[in-house]
Amino acid sequence: MEAMKYHLDKAIECNPDDNVAWTLLGNWYFELADMSRLQRRWSKTFAGVNPPAGSHQKALDCFLKSDSIKPWIMNTYQIAKAHLRLRNKDEAIKIFTRLRDDTEIVTCEDYRMRKESRLYIDKLTNPSLSSKIMNLIFDGYLESYRIPFITRDTMTSYTEDTHWNMFTGKEYTV
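Residues numbered from 1 in each chain as written. Predicted model: local features only at pLDDT ≥ 70, side-chain atom pairs only at ≥ 80, totals over all residues. Heavy atoms only, no water.

**Some thoughts on helix α6 (residues 89-102)**
Its 14 residues give α6 an end-to-end C-alpha distance of 20 Å, which sits within 8% of 20 Å, the value for a rise of 1.5 Å per residue. Taken residue by residue, α6 has Ala92, Ile93, Ile95, Phe96 and Leu99 as its buried positions. Along the axis of α6, the buried positions cluster into a sector of 165 degrees, meaning they face one direction only. Turned more than 90 degrees away from the buried face of α6, the exposed residues are Asp90, Lys94 and Asp102. (Helix = DSSP H or I, 4+ residues; strand = E, 2+ residues; numbered from the N terminus. Expected span 1.5 Å × (residues − 1). Buried < 20%, exposed > 50% of the residue type's maximum accessible area, 1.4 Å probe, protein only. Arc of directions from axis to C-beta.)

**A short note on the packing of aromatic side chains**
Aromatic ring pairs are reported here in terms of the distance separating the ring centres and the angle at which the planes meet. In total, this model carries five aromatic pairs according to the counting rule given. Geometrically, the ring pair formed by Trp28 and Tyr29 is edge-to-face, given 5.3 Å between the ring centres and 70 degrees between the ring planes. Residue classification places Trp28 among the buried positions, given a relative accessible area of 8%. Owing to a relative accessible area of 10%, Tyr29 belongs among the buried residues under this scheme. Among the aromatic side chains, those forming a connected cluster through ring pairs are Tyr77, Phe96 and Tyr120. (Phe/Tyr/Trp six-rings, centres within 6.5 Å; stacked < 30°, edge-to-face > 60°.)

**As for the nonpolar core**
General note: in soluble globular proteins, nonpolar side chains tend to be found buried as a group. Judged by nonpolar contacts, the single largest core of 28 residues is most densely connected at Leu25, Tyr29 and Phe96. When residues of this core are traced back to their parent elements, those giving at least two are α1 (2-14), α2 (19-33), α4 (56-69), α5 (73-85), α6 and α7 (108-125). Sort the elements by how many residues they give to this core and α2 lands first, with seven residues. Sequence-distant contacts of Tyr29, that is, excluding residues within four places in its chain, are made with Lys5, Gly54, Ser55, Lys58, Ala59 and Cys62. (Core = buried A, V, L, I, M, F, W, Y, C linked by side-chain atoms within 4.5 Å. Contact = heavy atoms within 4.5 Å.)

In structure tokens form, the structure reads like this:
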């Protein structure tokens, strides 16, 4: 993993106006930032590699640098996804809309980017009920409405409670 970053840094050092190297470096940061704990543990255990920490902000900076050198549809799509990961929903919708409306379809990749942009716009502007509820929960608006017996951490605190009987099923015996 470090070897890839080393070679990308060397490529950028040799030619700072290489938009492909900037995009690849942005993808490197983006993919590392998206790695789950389980993926990191597996790579450390089985491959013997401890993956470095990535950053969506660093990825966005690399994508923007690449886009300033030479605009490219895949790069613009990655910029929009990085804005989504950084919770800049309005900026992401604006970029996805630009991709959907202004993209000239020349290759299959252009068609795929346009289609995925349309799907992201629909998902972000017309969210389902479950995603609205999850956004409320994770944004902290429903913190005061948590079920009281879930937040307790030991079984001893349940014994005085009627919730423990309900939890173990003793309340529903016939």
